[in-house]
Amino acid sequence: MTPAIELIGIDKRFGSVHANKDVTLSIAQGSIHGIVGENGAGKSTLMSILFGFYHADRGEIRVKGKPVRIRSSSDAIALGIGMVHQHFMLVEPFTVLENVVLGAEGGALIGPALARARAELNRLARDYELEVDPDAIVGELPVGLQQRVEILKALFRGAETLILDEPTAVLTPAEAEHLFRILRQLKA
């Protein structure tokens, strides 16, 4: 089976710091991978290259066997790659629904788009145990629910590959266990 993602010979330097040196990684479709290492080992840099925040100095990225150039997060999203950052990228005064559709509104007539988005958000929440009130203010939610909003946002945009940067660092043990259940469902 063709891998979902392949990183081949990825190199990235920041001045004299060699953050990633000849990294090759293959991720099978329908699998869960964890990348572990010390702080400063280059894990987040590698994932930021895959999501278009950084550009590799050398190497190749393939998505479903095809070489791709990911110049921005928009490119990554268009390729079905979503990312949940360690420090969430949410607008705290906005509702869950507003955060999910922000940047993906789809035109000037926001009313019908919001109704469709609400229905899709409810479906995703049901299907993957990501329940969260779409009308809740994000800044009033606990961290575990904010992470669910980030996951929903990625799924809403069509992510088939989901990158989670240090996903359990801010969670309680119960929230971490729930996250693992969600990941198993997404894998299935």
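The coordinates are above.
Residues numbered from 1 in each chain as written. Predicted model: local features only at pLDDT ≥ 70, side-chain atom pairs only at ≥ 80, totals over all residues. Heavy atoms only, no water.

Trainee: How should I be thinking about helix α6 (residues 173-187) in this particular structure?
Mentor: An α-helical turn contains 3.6 residues, so a residue and the one three or four places further along point in the same direction. Along its 15 residues, α6 runs 21 Å from first to last C-alpha, staying within 8% of the 21 Å computed at 1.5 Å per residue. Taken residue by residue, α6 has Ala176, His178, Leu179, Ile182 and Leu183 as its buried positions. Projected onto a plane normal to the axis of α6, the buried residues spread over an arc of 160 degrees and lie on a single side. Within α6, the exposed residues directed more than 90 degrees away from the buried face are Pro173 and Ala174. (Helix = DSSP H or I, 4+ residues; strand = E, 2+ residues; numbered from the N terminus. Expected span 1.5 Å × (residues − 1). Buried < 20%, exposed > 50% of the residue type's maximum accessible area, 1.4 Å probe, protein only. Arc of directions from axis to C-beta.)

Trainee: I tried to follow a nonpolar patch on the surface on my own but got confused; where do I start?
Mentor: Side chains of Phe14, Val17, Phe53, Tyr54 and Met89 sit close together on the surface and give an oily, nonpolar patch of about 450 Å² of accessible area. Along the polypeptide, Met89 turns up in the loop between β5 (81-84) and α3 (96-101). For Met89, a relative accessible area of 47% translates into the label partly exposed. (Patch = residues over 30% accessible without salt bridge, like charges linked within 9 Å, V, L, I, M, F, W, Y side chains within 5 Å. Areas by Shrake-Rupley, 256 points an atom, 1.4 Å probe, with all protein chains shown as cover. Salt bridge = Lys/Arg side-chain N within 4 Å of Asp/Glu carboxyl O.)

Trainee: Teacher, can you tell me more about the environment of Phe180 here?
Mentor: Secondary-structure assignment places Phe180 in helix α6. What makes Phe180 partly exposed here is its relative accessible area of 36%. In this structure the C-alpha to C-alpha distance between Phe180 and Pro167, which are 13 residues apart in sequence, comes to 9.9 Å.

Trainee: How should the pairing of strand β2 (residues 17-27) be read in this particular structure?
Mentor: Regular strands place their side chains on alternate faces of the sheet. In this sheet, β2 lies alongside strand β1 (residues 5-14) in antiparallel orientation, the contact comprising seven bridges. Paired with Ile10 across the two strands is Val23, which belongs to β2. Joining the antiparallel neighbours β1 and β2 is a turn of two residues, in which Gly15 adopts a positive phi near 65 degrees. (Pairing = 2+ DSSP bridges.)

Trainee: Just checking my understanding: could you explain unusual backbone geometry for this structure?
Mentor: At Lys64, a position not held by glycine, the phi torsion is positive, near 55 degrees. Among the structural elements, Lys64 can be located in the loop between β3 (58-63) and β4 (66-68). Judged by its relative accessible area of 43%, Lys64 falls in the partly exposed class. Even without being glycine, Glu166 reaches a positive phi, approximately 45 degrees. Within the secondary structure, Glu166 sits in the loop between β6 (161-164) and α6.

Trainee: Please explain the nonpolar core as it appears in this structure.
Mentor: Among soluble globular proteins, nonpolar side chains are generally buried collectively. With 24 residues, the main nonpolar core has Val96 and Val149 as its most contacted residues. When residues of this core are traced back to their parent elements, those giving at least two are α3, α4 (110-128), α5 (143-156) and α6. When sequence neighbours within four positions are dropped, the list of residues in contact with Val96 reads Leu121, Val132, Asp133, Pro134, Ala136, Val138, Leu141 and Val149. (Core = buried A, V, L, I, M, F, W, Y, C linked by side-chain atoms within 4.5 Å. Contact = heavy atoms within 4.5 Å.)

Trainee: Got a minute to help me understand the environment of Asp165 in this structure?
Mentor: Mapped onto the elements of the fold, Asp165 is located in the loop between β6 and α6. By relative accessible area, which is 15% here, Asp165 ends up buried. With 78 residues separating them along the chain, Asp165 and His87 place their C-alpha atoms 8.7 Å apart. In contact with Asp165, not counting residues within four places along its chain, are Ser44, Met83, Val84, His85 and Gln86. Within the structure, Asp165 has its side chain in polar contact with the side chain of Ser44 (distance 2.9 Å). (Polar contact = N/O pair within 3.5 Å; in protein donor to acceptor, adjacent residues only side chain to side chain.)

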